[in-house]
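Chain by chain, the residues:
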Amino acid sequence: MYKRDTIDLYIPEKDLRNNLLKEYDRNIPHIIKYMGGKRKILDYIIETINENYKEGQLCDLFGGTCILSGALGKLIPMHSNDIQEYSDILANTYLSNCKWEDYPDNILDEIVNKGLKYVTSIKKKYPDLIFSFSECTIEEFIEIEKRQQELIHFNFDKFTHHLFIKYYSGTYWSFEQCLWIDALRKVADEYKGTPLYYIIISSLMFAMSYNSQSTGHFAQYRDATSVSSKDDILIYRQKEIVPFFKNKFIQLQNFESCNNLNHTVTSLDYSDCLDIIEPNTTVYADPPYAFVHYSRFYHALETLVKYDYPEVAFKGRYRVDRHQSPFCKRTEVRDAFQTMFLKIKKKNAILILSYSNTGMITLNEIIELAKNNLGLGYIIDTKEVSYRHSTMGRRNDKDRAVKEYLIIAKQKQL
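This one's a predicted model, so the numbers in the text were calculated from it and none came from an experiment.

The rules we used
Residues numbered from 1 in each chain as written. Predicted model: local features only at pLDDT ≥ 70, side-chain atom pairs only at ≥ 80, totals over all residues. Heavy atoms only, no water. Helix = DSSP H or I, 4+ residues; strand = E, 2+ residues; numbered from the N terminus. Contact = heavy atoms within 4.5 Å. Areas by Shrake-Rupley, 256 points an atom, 1.4 Å probe, with all protein chains shown as cover. Expected span 1.5 Å × (residues − 1). Buried < 20%, exposed > 50% of the residue type's maximum accessible area, 1.4 Å probe, protein only. Arc of directions from axis to C-beta. Core = buried A, V, L, I, M, F, W, Y, C linked by side-chain atoms within 4.5 Å. Polar contact = N/O pair within 3.5 Å; in protein donor to acceptor, adjacent residues only side chain to side chain. Axes fitted to C-alpha atoms, helices over the stretch in contact; angles between N-to-C directions. Parallel < 35°, antiparallel > 145°, perpendicular 65-115°, else oblique. Left-handed = near helix turned anticlockwise from the far one by under 90°. Nonpolar A, V, L, I, M, F, W, Y, C, P; charged D, E, K, R; others polar. Phe/Tyr/Trp six-rings, centres within 6.5 Å; stacked < 30°, edge-to-face > 60°. Lys NZ or Arg CZ within 6 Å of the ring centre and 35° of its normal.

Moving on: the overall build of the chain. Along the backbone of the chain there are 16 helices and nine strands. Considering only residue pairs separated by 6 or more positions, the chain has 76% of its internal contacts joining residues 24 or more positions apart. Accessible surface, the chain as shown: approximately 18800 Å² in total, 49% of it carbon and sulfur.

For helix H6 (residues 138-149), spanning twelve residues, the distance from its first C-alpha to its last is 16 Å, which sits close to the expected 16 Å at 1.5 Å a residue. Restricting attention to buried positions, one finds in H6 the residues Ile138, Phe141, Ile144, Glu145, Gln148 and Gln149. Summarising the axial view, the buried residues of H6 lie within an arc of 135°, below the 170-degree limit, and thus occupy one face. Looking at the buried residues of H6, the elements they touch are helix H8 (175-189) and helix H10 (227-237).

Right, let's talk about the nonpolar core for a bit. Core analysis: the biggest nonpolar cluster contains 97 residues, and Leu68, Leu72, Ile111, Phe164, Trp173 and Phe245 have the highest contact counts within it. Excluding residues that lie within four positions of it along the chain, tryptophan 173 makes contacts with Phe164, Tyr168, Cys178, Ile181, Met208, Asn211, Ser212, Phe218, Arg237 and Ala300. Core analysis: the next-biggest nonpolar cluster, separate from the first, contains 34 residues, Ala336, Phe337, Ile367 and Ile407 among them.

Here we take up the side chain of histidine 79. Considering the arrangement of structural elements, one finds histidine 79 in strand S2 (residues 78-81). Given the relative accessible area of 3%, histidine 79 is considered buried. Within the structure, histidine 79 has its side chain in polar contact with the side chain of threonine 266 (distance 2.8 Å). In contact with histidine 79, not counting residues within four places along its chain, are Gln57, Leu58, Cys59, Asp60, Thr264, Thr266, Cys273, Ile276 and Ile277.

For the rest of this paragraph, the subject is the packing of helix H5 (residues 107-125) against helix H11 (residues 241-253). Where H5 contacts H11, the axes come no closer than 11 Å and their chain directions differ by 150°. Taken as axis vectors, H5 and H11 run roughly antiparallel relative to one another. Taken as a pair, H5 and H11 cross one another with a handedness that is right-handed. Along its contact with H5, which presents Ile107, Leu108, Asp109, Ile111 and Val112, the element H11 presents Val242, Phe245, Lys246, Phe249, Ile250 and Gln253. Here the residues of the contact of H5 with H11 are counted per class, giving eight nonpolar, one polar and two charged.

This model, assessed by the stated rule, comprises 34 aromatic pairs. Centroid distance tyrosine 289 to tyrosine 355: 5.0 Å. Interplanar angle 65°. Geometry classified as edge-to-face. One end of the pair, tyrosine 289, is in the loop between strand S4 (282-285) and helix H13 (294-297); the other, tyrosine 355, is in strand S7 (residues 350-356), with 66 residues separating them in the sequence. Overall, the relative accessible area of 9% leaves tyrosine 289 in the buried class. Assessed through its relative accessible area of 1%, tyrosine 355 is described here as buried. Seen from the ring of phenylalanine 255, lysine 74 lies directly overhead, with NZ or CZ sitting 4.7 Å from the centre. For lysine 248, the ring lying beneath its charged end belongs to phenylalanine 206, and the centroid distance is 4.3 Å.

Okay, the environment of leucine 268 next. Structurally, the position occupied by leucine 268 is in the loop between strand S3 (264-266) and helix H12 (270-276). Residues leucine 268 and isoleucine 83 lie 185 residues apart in sequence; the distance between their C-alpha atoms is 4.7 Å. The residues touching leucine 268, leaving out its near neighbours within four places in the chain, are Asn81, Asp82, Ile83, Cys273 and Ile276.

Structural measurements only, silent on function.
Here it is in structure tokens:
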């Protein structure tokens, strides 16, 4: 119905056509488990970017896991944006240039030893906070979990970093795991203002994701309701933060960053970000598709980064100030797309928009909004691909078949 535009683009200095797709780094270190991550269809997305990108920064408007920055950060200047601050950490991890020669060869051991010192000091101060799961019945296990959860009322104020042992012991992680999360987060603060800060926190986010007894996100932790569920939770309770942290740190240490491109990282609302981009920027936009807010699934990572001892609520212990996206609200989603299209037009920008056939509105509705708000000066084109979308569920609901649309909006050539 909508034929692809076949007009050749002017590519300054050198012909980039096919180069981005051929040259991008496919060995991007994986950091967090993420619903709807685009790694599986990265070739498809980058091929489309390559066909439409001209010059200047590529703006990844809803950065998420920042996989696009990891892939293209060595080739073109990136502007990675997401209103969630954990995304800022991921983008800076991929895009910063860490000069490892400025640190001792044993920097990882140094970081872990600093963490161990802090862990030991808290254990020494509170020797009664011991939670052993060895050979316990389901009734004993439930009681141990409750004792840990009650630490939210405990006073740890003699120690600067105690957010996770206080808020999250016995929930997504055990007390011991939370203790190491706090300790390594404290060590990260010692390197604030350097690229190493981002690498430490990203490595910690990876360890948190793979030690959590939930399904990989943090919408809600599981309760032991049977012997089998208790045994499954125990598998995760007995994992250790440090080995996962060290493995990911080494992987990120070996990931070579580009140090001569003009990258930008922001934590702005999508509308505010579009206000500050340069005219004629190429924008890749991957807004939320569903009625569930990402801030509900990744609130714990946001709290790790902010480390601000927030007010929390409900069983999941969500931040009460968590972001609510208009793209996840049926009463606001059309206005959100309209705002996007109008600001794209104002900047004379190129837009590559990802959306799913399971989204809040249909492809035809999006195209109608694009035409009405971008006007006659833009060509609207579409592509689609089928793939398995990760739901982060368990058993029979780990992924679902979806179609991913790319809606391409670019100015008509004079």
